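This is what each chain is made of:
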Amino acid sequence: MLTKMESLHDHAMLLGRKSAMERVASYLMRFVPGRGSAECAGPVGDVDEGMIELSMTRQEIADFLGLTIETVSRALSELKRRGLIRIEKQDRIMVPRICNLCRLTGMH
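Cut-offs applied
- Numbers given for residues are sequential positions, taken from 1 along each chain in its written order.
- The model is predicted, so local features are restricted to residues of pLDDT at least 70 and side-chain atom pairs to those at 80 or more, both for listing and for counting; the totals for chains, interfaces and linings are taken over all residues.
- The side-chain values count all of the structure's non-hydrogen atoms but skip hydrogen atoms and water molecules.
- Numbering of helices and strands starts at the N terminus; helices are DSSP runs of H or I of at least 4 residues and strands are runs of E of at least 2.
- Exposure is judged per residue with a 1.4 Å probe applied to protein chains only, and the accessible area is read against the type maximum: over 50% gives exposed, under 20% gives buried, and values in between give partly exposed.
- Pairs of residues are marked as contacts when any of their non-hydrogen atoms sit within 4.5 Å.
- Reported accessibility uses the Shrake-Rupley method at a 1.4 Å probe radius. Residues are deemed covered only where the shown protein chains occlude them.
- In this analysis, rings of Phe, Tyr and Trp, with Trp reduced to its six-membered ring, are considered paired at centre separations within 6.5 Å, and the interplanar angle assigns stacked below 30 degrees, edge-to-face beyond 60, and tilted for intermediate values.
- Any Lys or Arg side-chain nitrogen found within 4 Å of a carboxyl oxygen on Asp or Glu counts as a salt bridge.

Take the overall build of the chain next. The number of helices and strands found in the chain is five helices and three strands. Ordering the α and β elements of the chain from the N terminus gives α-α-β-α-α-β-β-α. Here the chain holds 108 residues, and 33% of them are scored as buried. Restricting to contacts in the chain with at least 6 residues of sequence separation, those with at least 24 account for 62%. For the chain, the exposed area adds up to about 6900 Å²; of that, 53% sits on carbon and sulfur atoms.

What follows is the structure, encoded as structure tokens:
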């Protein structure tokens, strides 16, 4: 029950206090195990990359984040332009430097 309440609180904070870019970055970081939280110890070893498998469409992501699909698409395009992500397929995103993406979440 406590875990569920913490999850709902985190989602409410995401919707109420973060910018669109921070919301999208936070959403992507949810799929990187052991990273992106306040307890994150950083990368292990020299490799700081990860593959994210998305289970939601862009429209579903937009609804979850309280954004429009256009805003989600623009944020992903901006992350790609900055070299923070590479879109491998529609549902697969490569993050070459997880710490760089994590910095955009507003957690650090």
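The next thing to look at is the packing of aromatic side chains. Taken as a whole and judged by the stated rule, the model has two aromatic pairs. Ring plane angle 75° and centroid distance 5.1 Å describe the contact between Tyr27 and Phe31, whose orientation is recorded as edge-to-face. Judged by relative accessible area, which is 3%, Tyr27 ranks as buried. The exposure class assigned to Phe31 is partly exposed, which follows from its relative accessible area of 27%. Following the ring pairs from residue to residue traces out a cluster consisting of Tyr27, Phe31 and Phe64.

Scanning the entire structure with this criterion turns up five salt bridges. One salt bridge connects Arg82 with Glu78, and the closest N-O pair in it is separated by 3.0 Å. In this structure Glu78 comes out as partly exposed when scored by relative accessible area, which is 22%. Glu88 serves as the salt-bridge partner of Arg86, at 3.6 Å between the closest nitrogen and oxygen.

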